[in-house]
Amino acid sequence: QVQLVESGGGLVQPGGSLRLSCAASGSIFTIRTMGWYRQAPGKQRELVAVIISGGRTNYADSVKGRFTISRDNAKNTVYLQMNSLKPEDTAVYYCMMSGGLGPQRDFHSWGQGTQVTVSS
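Criteria and thresholds
Residues numbered from 1 in each chain as written. Predicted model: local features only at pLDDT ≥ 70, side-chain atom pairs only at ≥ 80, totals over all residues. Heavy atoms only, no water. Helix = DSSP H or I, 4+ residues; strand = E, 2+ residues; numbered from the N terminus. Buried < 20%, exposed > 50% of the residue type's maximum accessible area, 1.4 Å probe, protein only. Contact = heavy atoms within 4.5 Å. Core = buried A, V, L, I, M, F, W, Y, C linked by side-chain atoms within 4.5 Å. Pairing = 2+ DSSP bridges. Axes fitted to C-alpha atoms, helices over the stretch in contact; angles between N-to-C directions.

**Student:** Give me the lowdown on the environment of serine 7, citing residues and values where you can.
**Tutor:** Looking at the element boundaries, serine 7 is found in strand S1 (residues 3-7). The class for serine 7 is partly exposed, based on a relative accessible area of 38%. For the pair serine 7 and phenylalanine 29, spaced 22 residues apart in the sequence, the C-alpha separation amounts to 23 Å. In this structure serine 7 touches Arg19, Leu20 and Ser21, once residues within four positions along its chain are discounted.

Written as structure tokens, this is what we have:
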């Protein structure tokens, strides 16, 4: 079983920055995909950014140029650097990881969520 623990959320003023972290623990063989999603009140969960094992990244159009996803494979950790935050970025942010525990044993796990509030 893989557990994901997130940190770094909070309250920030518009134009400010936050850095989210998510660390995985468990008997992990490999993590292929790491990503961040978010869910605002009354809305569906949406992809924010994803990074695969080779380093290729993909971002939602709404965060391109403002957010940066990165990973530390040695620490099984994914980060989301969020700059120039806007009120519409307010949401609960969830990390996601998928990969393998061993031969023919895949996993797909979610973090518990961390609140990000952008408000003056």
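**Student:** Got a sec to walk through the nonpolar core? Specific residues and values, please.
**Tutor:** Generally speaking, soluble globular proteins have nonpolar side chains that are buried together. Counting residues in hydrophobic clusters, the biggest one holds 32 residues, and the most contacted among them are Trp36, Val78, Leu80, Met82, Tyr93 and Met97. Elements with a contribution of two residues or more to this core: strand S3 (18-25), strand S4 (30-39), strand S5 (46-52), strand S7 (67-72), strand S8 (77-82), strand S9 (91-102) and strand S11 (114-118). Not counting residues up to four positions away in its chain, the partners in contact with tyrosine 93 are Glu6, Leu20, Trp36, Tyr37, Arg38, Val48, Phe67, Leu80, Met82, Gly113, Thr114 and Val116.

**Student:** Please set out the sheet that holds S3 residue by residue, giving values where relevant.
**Tutor:** Strands sit in the order S1-S3-S8-S7 across an open sheet of 4 strands; the sheet is antiparallel. Either end of the sheet is taken by a strand with one partner, and the two such strands are S1 and S7. When strand polarity is set aside, the average angle formed by the axes of neighbouring strands in this sheet is 15°. Bridging between S7 and S8 involves 6 bridges; their strand directions are antiparallel. Looking at S8, one finds that arginine 71 is bridged to valine 78.

**Student:** Residues and numbers for the environment of serine 17, please.
**Tutor:** For serine 17, the position within the fold is in the loop between strand S2 (10-12) and S3. Taking C-alpha positions, serine 17 is 6.2 Å from serine 84, a pair spaced 67 residues apart along the chain.

**Student:** Could you give an account of unusual backbone geometry, with specific residues and numbers?
**Tutor:** Positive phi, close to 50°, is recorded for serine 84, a residue that is not glycine. With relative accessibility at 40%, the residue serine 84 sits in the partly exposed group. Phi is positive for glutamine 104, close to 60°, though the residue is something other than glycine. The topology assignment puts glutamine 104 in the loop between S9 and strand S10 (105-110).

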